[in-house]
Amino acid sequence: MTATPLLAVHDLAVDFHTRDGVVRAVDGVSFQVNPGETVAILGESGSGKSVTAQAVMGILDSPPARISRGQIFLEGRALSGLPEKQLRAVRGVEIGMIFQDALSALNPVLSVGEQIAEMYRGHLNMGREQARNAAIEVMQRVQIPGARQRYSDYPHQFSGGMRQRIMIAMMIALQPKLLIADEPTTALDVTVQAQILALLAQIQTETNMGLLLITHDLGVVAEMAQRMLVMYAGEVVEQGSARAVLDQPAHPYTAALLRAVPSMTERVDRLPSIPGRPPNPLEPIPGCSFHPRCEVAQRCCSQHPGPDLDLVKSDRQARCWFAQEVLSGGES
Amino acid sequence: MAKVNDVVLVADAVSLEYPLTRGIIRRKQIGAVRAVAGVSLQLRRGETLALVGESGSGKSTLARLLIGLQTPTSGSIEVAGDNLAQLSSGQLRAKRRNIQLILQDPYTSLNPRMTLKAIIGEPFQIHRDRLPLGKSRTEAVAELMATVGLNPELINRYPHEFSGGQRQRIGIARALALRPNIIIADEPVSALDVSIQAQIINLMLDLRDSHQLSYVFVSHDLAVVRQIADRIAVMYQGRIVEAGPAAAIYASPQHPYTLQLLAAVPSRDRDRSQQPGQPQTVVPDDPSSPEGCSFRSRCGKATDLCGAVRPELSDTGAGHEVACHFPGSDSAAAPDQDPAP
């Protein structure tokens, strides 16, 4: 931990100021991404994973959202508090972001080639012809068949997978150090998803780019990430090496989530499900926010929030009073 | 072999074509898109038949045909022995109560201005005779809510007051109202979080047993299908390319497309980052062609034969059918040569 991490997020908290009161969407999230590393944030809807990504990117809808605490560093430079103009220079150039829905992220009335070329013209002051060539080159890099001919096509003329490639092309155009991918393959068919994931892994090996991957899909985490964070109700409940967390979870939520995922290899009579439902952020739960759904919860869990992310074993942290028990329970 | 009276739903060589036209004033048909092409299948009592495939494969369109929301261009659909196309509208309405639909999106498939009582009770307005004897509509709705695990005290609430999983329960309660024996479920758990998805799948399995339901389960999620399906039909570009008992298809898939689908599912036990630069097949956007096997442009095994002759579904034993000239579980899982031009 001597080298400066590419991205460091420290004690981040994001509030949404709504008519019904202040909702804390993200609370005390800290993590790091190193160059060439893939870190996954796993969570269900409402867990705060996308809000975390948006805060890092500096694209929170504000208002109603506001970063109420914490700091974000890119290569040691504090991003939080930077004026919008300087943030713009970071976004796109040093940090790229791709979204689930490429169709709504692309401009429908501009050809895809022009949209990619715009990155070069706007950020690198390239001339028209030079930008056009650079755009075609990056379209070839993301393996769009017939890139030169398709330069003038519009987003609606591409399939979902091809649109996702175009968005990736646009985002890696300026060789960012960090790419944030928010559910990049959720809307895609599995065969196309496999291609896009392989493409991202390949680009990463070539450029040593850091990748922050936001997903709800455990399979995607297992295939892509070296380290992972599990979020529940705005908090990180567990983090560590992806392989280790998936093999042997220490937080009861992670463990329950892993059991609930249907298996491809065997059929069970009854899928283990997690009872109840995620908490309503407007009605915070006293104590640990997972305790009403937790099978190991004791009385203390309804009175005290889980301990601060504790070192359960080397390279593993879990926010649960019974993490050791869950961990050893999974070993048997 | 199933007994004849065990079959509750039959599709026989069903096709649906959309005409392609040119011109605004003098419209001229210049071709047709076959959304569903010559599909035959049977649904037996108490079984779950899964339709799987990628977007655009025709699986949802087939589901709409089965329930009679769309009329096939050719072929016939029989529900409990009656051809839907030959029924009068009154007979069709009576028939429809036996076959109900559950939709994917619990946010858009419920009317936001109606209470649960109105939503779940609405089918009784049309089919009054299906109201259980001696019960008021409110009582019937409360009972349905309890059946699907919703608190009956919430009967006067509106859909927006419920979470995604609870809304899907509302949709299921509505589908159960007329005591159907067939339910067509189009991606019923795709919009739900993993922890909730398992609850809904378990509920559907329980209801299948307690209400003697048969399901047609449309899904792109092969892990979910693994848990619920008895038989599977794999669709590609409007056709069934492989069909058979679920266990057989997962244990030894025969069609190259099924192999690719299964291989593409992200797995907890695989680490893609350790094997960068994996071979990829990038498929041109529109590989459709009139002749030959429609999958050949993505297939590692394709030969000239595949370009000339479309393979028909044929039985490889024990009801496992495949439409491929070169079926088998071997080699062709991931073609690593360049995509076909």
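Residues numbered from 1 in each chain as written. Chains lettered and ligands numbered in written order. Predicted model: local features only at pLDDT ≥ 70, side-chain atom pairs only at ≥ 80, totals over all residues. Heavy atoms only, no water.

Caption draft 1: Expanded view of the overall build of chain A. Along its length, chain A carries 13 helices and twelve strands. The C-alpha radius of gyration computed for chain A amounts to 21 Å, which stays within 12% of the reference 20 Å derived for 332 residues, consistent with globular compactness. Residue burial in chain A is summarised as follows: out of 332 residues, 52% are buried. Taking contacts inside chain A between residues at least 6 apart in sequence as the whole, the part at least 24 apart equals 64%. For chain A, the exposed surface amounts to about 14600 Å²; the carbon and sulfur share of it is 50%. (Helix = DSSP H or I, 4+ residues; strand = E, 2+ residues; numbered from the N terminus. Rg over C-alpha atoms; globule rule 2.2 N^0.38 Å. Buried < 20%, exposed > 50% of the residue type's maximum accessible area, 1.4 Å probe, protein only. Contact = heavy atoms within 4.5 Å. Areas by Shrake-Rupley, 256 points an atom, 1.4 Å probe, with all protein chains shown as cover.)

Caption draft 2: Spatial organisation of unusual backbone geometry. All names here are of chain A. Even without being glycine, Ala 233 reaches a positive phi, approximately 50°. Note on placement: Ala 233 falls in the loop between strand E9 (227-232) and strand E10 (235-241). What makes Ala 233 partly exposed here is its relative accessible area of 29%. With a phi angle near 60°, Asp 315 is a residue other than glycine that sits in the positive phi range. As for its placement among the helices and strands, Asp 315 is situated in the loop between strand E11 (310-313) and strand E12 (316-318).

Caption draft 3: Structural detail: the interface of chain B and chain A. In this complex, chain B contributes 47 residues to the contact, which on the side of chain A involves 53 residues. Across the chain B/chain A interface, buried area totals approximately 4200 Å², and carbon plus sulfur atoms make up 50% of it. Linking chain B to chain A there are two salt bridges. Ionic pairing is found between Asp 206 of chain B and Arg 270 of chain A, a salt bridge with its closest N-O pair at 2.9 Å. (Buried area = accessible area lost by both parts, 1.4 Å probe. Salt bridge = Lys/Arg side-chain N within 4 Å of Asp/Glu carboxyl O.)

Caption draft 4: The packing of aromatic side chains, seen in detail. Scanning all chains against the criterion turns up six aromatic pairs over all chains. Judged by centre distance (4.6 Å) and plane angle (50°), the rings of Tyr 232 of chain A and Tyr 253 of chain A are tilted. Taken together, the residues Tyr 232 of chain A in strand E9 and Tyr 253 of chain A in helix H11 (residues 252-260) connect sequence positions 21 residues apart. Accessibility expressed as a relative area gives 3% for Tyr 232 of chain A, which makes it buried. Residues Tyr 236 of chain B and Tyr 257 of chain B carry aromatic rings whose centres are separated by 4.6 Å and whose planes lie at 55° to one another, so their mutual orientation is tilted. (Phe/Tyr/Trp six-rings, centres within 6.5 Å; stacked < 30°, edge-to-face > 60°.)

Caption draft 5: Representation of the sheet that holds strand E7 (residues 182-186) of chain B. All names here are of chain B. Strands sit in the order E6-E7-E8-E3-E9-E10-E12-E11 across an open sheet of eight strands; the sheet is mixed. In this open sheet, the two strands that pair with only one neighbour each are strand E6 (99-102) and strand E11 (314-315). Helix H1 (residues 59-66) contacts strand E3 (48-52), E6, E7, strand E8 (214-219) and strand E9 (231-236) of the sheet and is inclined by roughly 150° relative to E8. (Pairing = 2+ DSSP bridges. Axes fitted to C-alpha atoms, helices over the stretch in contact; angles between N-to-C directions.)

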